[in-house]
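Each chain is listed here by its residues.
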Amino acid sequence: MASFAESLRNIWKIEELRKRIIYTLGILVIYRIGAYVPVPGIDAGALTSAFAQNEANNLFGFFNLFVGGAFLQAGVFALGIMPYITASIIIQLLGAAVPYFQKLQREGEEGRRKITQMTRYGTAGITALQSVGYSVFLLGTVPTAVVINANFFIVTTVIVLTSGTMFVMWLGERITESGIGNGISLIITISIIAFLPQAFANEVRQSANLFLVIFEIGVLVLVTSFVVLMTQGTRRVPVQYAKRVVGRRVYGGTTQYLPVRVNAAGVMPIIFAQSIMFVPGTIAQFFPNSGLMQQFGALFLDFTSWGYSIIFFFVCVFFTYFYTAIAVNPKEMADTMKRQGGFIPGIRPGKQTSEFIDDILTRVTLPGSLFIGLAAILPAFAVQLGLTSTQQFAQFFGGTSLLIMVGVTLDTLKQVESHLLMRHYDGFMKSGRMRGRGR
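Residue positions are given per chain, counting from 1 as you read along its sequence in written order. Where local features are concerned, this predicted model is filtered to residues with pLDDT of at least 70; where side-chain atom pairs are given and counted, the filter is 80 or more; whole-chain, interface and lining totals use all residues. Only hydrogens and water are set aside; all other atoms, that is, all heavy atoms of the structure, feed into the side-chain values.

**Brief notes about the sheet that holds strand β1 (residues 234–241)**
Only strands joined by at least two bridges in the DSSP assignment are considered to pair. The numbering of helices and of strands both runs from the N terminus, where a helix is a DSSP run of H or I of at least 4 residues and a strand a run of E of at least 2. Taken together, the 3 strands give an open sheet; going across it, the order is β4-β1-β5, and neighbouring strands pair in antiparallel fashion. Looking along the sheet, the strands with just one partner apiece sit at the ends: β4 (255–261) and β5 (342–343). Pairing geometry for β1 and β5, over 2 bridges, is antiparallel. When the bridges of β5 are listed, Y241 appears paired with G342. In this description, contact between two residues means that some pair of their heavy atoms is separated by no more than 4.5 Å. To obtain each axis, a line is fitted to C-alpha atoms, and for helices this fit is confined to the stretch in contact; angles are then taken between N-to-C directions over 0 to 180 degrees. Across the face of the sheet, helix α16 (residues 351–384) comes into contact with β1 and β4 while running at roughly 45 degrees to β4.

Shown next as structure tokens:
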């Protein structure tokens, strides 16, 4: 604890790091303020009353989690950063299938700049389409008293929401460039954390047993520790580099390690899986007179049921392998290693190296996929075992919320620690440095 406090003091001693942190916090405050500013033509009080009776256990509730509550409050940031995430995923998928995008990925800085520009255009287009649907949703799904003035409401809402999302994207880019951490990830994380105080307060209010609350906190700490362990877990593959003589200098001749992460896909599989799991129940709500659709949708509306948990688990496992295959390219890794004069001991460079890396990746991804599937259904177990009194607080026992918060927090701490070490200060882990950082 003393070393941790010393690290916090060292942060404020470094002027550049202090300015970056203050800059990041200021932008995050601006983002949170925008979540409470309603779009023009909306009665915010009537909108809150309209949704107070509804259980947000559908696609809209899932979306609302990632925008910090702005979606169900009709804020100017109601669509948040999610259109940008969707556009980025589409570009990634195109990069795995379309030769033109594959060429851009290999062009270095110029290619990344073009991809970023296309992602921005895609974000604007996706936001405009979603804004139209959101406007119709406000006009038709909720009571008409919510919309004060229906004249040109769709047009103004599309303009405001599209501008709001582009502004949020700009805020995220500013954090990445001039702040600390990944701006887009931090915006999503702060939106999720915004639900935590209210969820914990409701849990304490509904639980009459103080010891049960303390036990819940202990279990939450253990689950978080397990998530950190699996997130940082890697399989190190030894790589030998041949000696090269350039002038009077000798390069190579050393052994390094290629880190293959247990969870190479990050949180994207669980985001994909949960989005798909919410779709059937949401669609069923649009067919209230169809008994078959209602029975089918009911299976996907109760996340605490065994049927939902089993389906959710296997969908997460599938998407983990699917996204890992897209995000990690063994052939490209083998080619890069060959160009740099590196080879895996006992494995011939080229095709055999690619097959060897692919085999390791397949085996390592298995425990990673099982971990993501287990983490996804932990909230359901927390409710079934009576560990929590409210479903809202149970969401923080695993699932998308916990994985995103842990992953983003670790990445941000690594950046802070890098600034400390560059100036000869000890990081957050003085005796045992943060795993995943080069030794």
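**A closer look at the nonpolar core**
Take the buried residues of types Ala, Val, Leu, Ile, Met, Phe, Trp, Tyr and Cys, join any two whose side-chain atoms come within 4.5 Å, and each joined set is a nonpolar core. Summary of the burial criterion: residues with accessible area below 20% of their type's maximum are buried, those above 50% are exposed, and those between are partly exposed, where the area comes from a 1.4 Å probe applied to protein chains only. If you look at the biggest cluster of nonpolar residues, it comprises 96 residues, and the most contacted ones within it are I42, I85 and F312. It is α16 that contributes the most residues to this core, 11 residues altogether. Sequence-distant contacts of I85, defined by excluding residues within four places in its chain, comprise I184, I188 and M268. I11, I14, I21 and L420 belong to the second-largest nonpolar core, a separate cluster that totals 7 residues.

**Thoughts on the packing of aromatic side chains**
Aromatic rings from Phe, Tyr and Trp, taking only the six-membered ring of Trp, are treated as a pair when their centres fall within 6.5 Å; an angle between ring planes under 30 degrees marks them as stacked, one over 60 as edge-to-face, and anything in between as tilted. Summed over the entire model, instances satisfying the criterion amount to 11 aromatic pairs. Linked through ring pairs, Y31, F77, F167 and W170 together constitute an aromatic cluster. The cationic tip of R236 hangs over the ring face of Y257; the distance from NZ or CZ to the ring centre is 4.1 Å. Either the NZ atom of lysine or the CZ atom of arginine qualifies as a charge over a ring when it sits within 6 Å of the ring centre and within 35 degrees of the ring normal.

**Quick word on helix α9 (residues 183–193)**
Counting buried positions along α9 yields 8 of 11 residues, so the element is predominantly enclosed. Nitrogen and oxygen atoms within 3.5 Å of one another constitute a polar contact, given that in protein one can donate a hydrogen and the other can accept it, and given that sequence-neighbouring residues count only through two side-chain atoms. One side-chain oxygen at the N-terminal end of α9 lies 3.2 Å from the backbone nitrogen of I184; it belongs to N182.

**Comments concerning the confidence of the model for the chain**
Predicted confidence across the chain gives a mean pLDDT of 79, with 82% of residues reaching 70 or more. Every residue gets a pLDDT, meaning the predictor's confidence in that residue, from 0 to 100. Of all helices and strands in the chain, the one with the weakest mean pLDDT is strand β3 (residues 249–251) (63), whereas helix α8 (residues 153–178) scores best (90).

**Things to note about a nonpolar patch on the surface**
Residues form patches when they are more than 30% accessible in relative terms and have no salt bridge. Like charges link within 9 Å. Nonpolar side chains (Val, Leu, Ile, Met, Phe, Trp, Tyr) link within 5 Å. We get accessible surface area from the Shrake-Rupley algorithm with a probe of 1.4 Å; when it comes to residues, only the shown protein chains can shield them. Put simply, a salt bridge is a Lys or Arg side-chain nitrogen that is within 4 Å of an Asp or Glu carboxyl oxygen. On the surface, a nonpolar cluster with roughly 300 Å² of combined accessible area is contributed by F200, V204, I217 and V221. Elements supplying a minimum of two residues to the nonpolar patch: α10 (196–206) and α11 (210–232). With respect to the helices, strands and loops of the structure, V221 is situated in helix α11.

**Remarks on the pattern of salt bridges**
Taken as a whole, this structure holds 7 salt bridges when the rule is applied. Between R113 and E110 there is a salt bridge whose closest N-O contact spans 2.4 Å. Placement of the pair is R113 and E110 together in helix α7 (residues 109–140), with a separation of 3 residues, close to one helical turn.

**Observations concerning the environment of S369**
Among the secondary structure elements, S369 is positioned in helix α16. Each C-alpha atom of the pair S369 and P269 lies 8.9 Å from the other, and the pair is 100 residues apart in sequence. If we ignore the near neighbours within four places in the chain, the residues touching S369 are V317, T320 and Y321.

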